[in-house]
Amino acid sequence: MFQDKLNRVLNAMKDAGLEQMIVADPASIYYLTGRMILPGERMLVLYLNQNGDHKLILSKLFPQEGEVGVDVIYFDDVEDSVEILARYVEKEKKVGVDKIWPAKFLLRLMELEAGSAFVNASFVLDDIRQIKDADEICKMKEASRLNDMAVERLIPLVNQGMTEQELAEELQKIYLELGAEGYSFEPICAYGANAADPHHMTDTVSVGKTGDSVVLDIGCKKDGYCSDMTRTVFIGEASEQAREVYGTVLQANLRAIAAVKPGARFCDVDKAARDYITEKGYGPYFTHRTGHCIGQEVHEAGDVSSVNENVLKPGMIFSIEPGIYLEGKVGVRIEDLVLVTEEGCEVLNRADKALRII
């Protein structure tokens, strides 16, 4: 499986005119080797070369057992790790570099003149990782299934006098009980006026009250892959305005989902949601993109926005999460993950989206 992925990367490098590339993103290294290594401040590099002379270069603090599929080169803390990498780089040729590679390493490599030029080559792996294979799709479906179960257990707790942080702590317990590995990101649990802040930081003091909307933006990780979903519910009652806002967001969510099919563009999906919200008079209150790609990381390369004209392809998985935020009054966001299929799309979430009063 990993060799197939590596071959895809090497072919993409060839198409891009790259004979060598430095991969530094731990998620991309995991994608190609099955080894998740978090190096902290130390260098971690998977060096790829069209000639097959691939090297995984890392600190001795992270010993790897068994076959990795490429040669493993270790360094210790008193060695110049970049100089070790430079020994393998073909100095007369340009080098593709991962966009997340810290400047302290890149600048040292340039100082050593290890490469004729240095170019951002992240798109090579970003484009490949956008298309999930059957195994990845299976894992993401399972993560979303667990997330659906978790939100149904979390929703009844919103009117129990818990603070936002206490809700988040209960969610973590639920995930672990369901067999997930925990959060895929820090959840957003937001009551009332806080729900009208799209990226409110879950706090330790806010408690829900009658009439509040409650935004629950949550996700878990299972077998290395992420889920992400948002549901909005109301405590005790929902005002006429709140009901109107909720209905508008729900319809925008459904229209965007209906726009997902091979050959459509990310911007077409964004437009389907955004135009409807604008038509209903709430355009200025939809203040973020409609969605983002997801996989091993909750936010991967690619988004559902008005400026992304890239074409949708089968195997892509991304969120659709329109929202309306009326400052100090009400906030509503409804989010699902969708998988692009050969015929259209499959929604990975099954949790009810009808307006709910708890």
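Residues numbered from 1 in each chain as written. Predicted model: local features only at pLDDT ≥ 70, side-chain atom pairs only at ≥ 80, totals over all residues. Heavy atoms only, no water.

Digging into the overall build of the chain
Scanning the chain for helices and strands turns up nine helices and 18 strands. Relative to the globule expectation of 21 Å for 358 residues, the C-alpha radius of gyration of the chain, 23 Å, shows essentially globular dimensions. Taking the principal axes of the C-alpha coordinates as reference, the chain spans close to 70 × 40 × 35 Å. Put simply, the chain has 358 residues, and 54% of those count as buried. Sequence separation of at least 24 residues holds for 66% of the intrachain contacts in the chain that already meet a minimum separation of 6. When the accessible area of the chain is evaluated, it comes to approximately 15500 Å², of which 50% is carbon and sulfur surface. Looking at the chain, you have 39 positive and 59 negative side-chain charges, and the mean spots of the two groups are 3 Å apart. (Helix = DSSP H or I, 4+ residues; strand = E, 2+ residues; numbered from the N terminus. Rg over C-alpha atoms; globule rule 2.2 N^0.38 Å. Buried < 20%, exposed > 50% of the residue type's maximum accessible area, 1.4 Å probe, protein only. Contact = heavy atoms within 4.5 Å. Areas by Shrake-Rupley, 256 points an atom, 1.4 Å probe, with all protein chains shown as cover. Lys, Arg positive; Asp, Glu negative; His and termini not counted. Charge placed at Lys NZ, Arg CZ, Asp CG, Glu CD.)

Quick notes on the packing of aromatic side chains
What describes a pair of aromatic rings is the distance from one ring centre to the other and the angle between the planes of the rings. Using the criterion set out here, one finds four aromatic pairs in the structure. A centroid spacing of 6.1 Å and a plane angle of 65° characterise the contact between phenylalanine 234 and tyrosine 246, whose relative ring orientation is edge-to-face. You can see phenylalanine 234 sitting in strand E11 (residues 229–234) and its partner tyrosine 246 sitting in helix H8 (residues 240–258), a full 12 residues away along the chain. Each member of the pair, phenylalanine 234 as well as tyrosine 246, is classed as buried. The ring of tyrosine 31 carries lysine 5 above its face, with NZ or CZ at 4.3 Å from the centroid. (Phe/Tyr/Trp six-rings, centres within 6.5 Å; stacked < 30°, edge-to-face > 60°. Lys NZ or Arg CZ within 6 Å of the ring centre and 35° of its normal.)

Things to note about the sheet that holds strand E1 (residues 20–23)
Read across the sheet, six strands follow the order E4-E3-E2-E1-E5-E6 without closing on themselves; strand pairing throughout is mixed. The open sheet has two edge strands, strand E4 (71–75) and strand E6 (118–120), and neither has a second partner. In this sheet, neighbouring strand axes are inclined to one another by 25° on average, regardless of whether the strands run parallel or antiparallel. One ladder, built from three bridges, connects strand E2 (residues 45–49) with strand E3 (residues 55–59); its direction is antiparallel. Its bridge partner being in E3, leucine 46 is matched across the sheet by leucine 56. Of the strands in this sheet, E1, E2 and E3 are in contact with helix H2 (residues 26–33), which crosses E2 at around 55°. Along the sheet, helix H5 (residues 122–130) contacts E1, strand E5 (95–97) and E6; its crossing angle with E1, the most-contacted strand, is approximately 70°. (Pairing = 2+ DSSP bridges. Axes fitted to C-alpha atoms, helices over the stretch in contact; angles between N-to-C directions.)

Focus on unusual backbone geometry
Backbone geometry places glutamate 113, a non-glycine residue, at a positive phi of 55°. Non-glycine residue aspartate 223 carries a positive phi angle of around 55°. Mapping aspartate 223 onto the fold places it in the loop between strand E9 (221–222) and strand E10 (225–226). What makes aspartate 223 partly exposed here is its relative accessible area of 38%.

Focus on the packing of helix H1 (residues 2–15) against H5
The N-to-C vectors of H1 and H5 enclose an angle of 135°; their axes lie 10 Å apart at closest approach. When the interaxial angle is binned, H1 and H5 end up oblique. H1 and H5 meet at a crossing whose hand is right-handed. For the pair H1 and H5, the contacting residues are Arg8, Val9, Ala12 and Met13 in the first and Val124, Leu125 and Ile128 in the second. Taken together, the residues of the contact of H1 with H5 break down into six nonpolar, no polar and one charged. (Parallel < 35°, antiparallel > 145°, perpendicular 65-115°, else oblique. Left-handed = near helix turned anticlockwise from the far one by under 90°. Nonpolar A, V, L, I, M, F, W, Y, C, P; charged D, E, K, R; others polar.)

Notes on the pattern of salt bridges
Between side chains of opposite charge, a pair can form as their charged atoms come close. The tally for this structure, following the rule as stated, stands at 32 salt bridges. Note that lysine 353 and aspartate 336 form a salt bridge whose closest N and O atoms lie 2.7 Å from each other. Residue lysine 353 is located in the segment after strand E18 (345–347), and its partner aspartate 336 is located in strand E17 (residues 336–340); the two are separated by 17 residues in the primary sequence. Just as lysine 353 is buried, aspartate 336 falls in that class too. Each of Asp25, Arg129, Lys132, Glu297 and Glu300 takes part in a single network of salt bridges with overlapping partners. (Salt bridge = Lys/Arg side-chain N within 4 Å of Asp/Glu carboxyl O.)

Let's talk about the sheet that holds strand E7 (residues 188–191)
Strand pairing within a sheet occurs via backbone hydrogen bonds; the two strands may be parallel or antiparallel. Read from one edge to the other, the open sheet built from three strands follows the order E7-E8-E11, with strand pairing classed as antiparallel. Only two strands of the sheet have a single partner each, and these edge strands are E7 and E11. Each strand of the sheet is rotated relative to its neighbour by a mean of 10°, with strand direction disregarded. Note that strand E8 (residues 213–218) and E11 share six bridges and pair antiparallel. By the bridge assignment, isoleucine 218 is partnered in E11 with methionine 229.

A look at the state of the cysteines
Scanning the model with the defined rule gives zero disulfides in all. There is no disulfide at cysteine 345, and the cysteine sulfur nearest it, in cysteine 293, is 14 Å away. A relative accessible area of 25% means that cysteine 345 is categorised as partly exposed. (Disulfide = S-S within 2.5 Å.)

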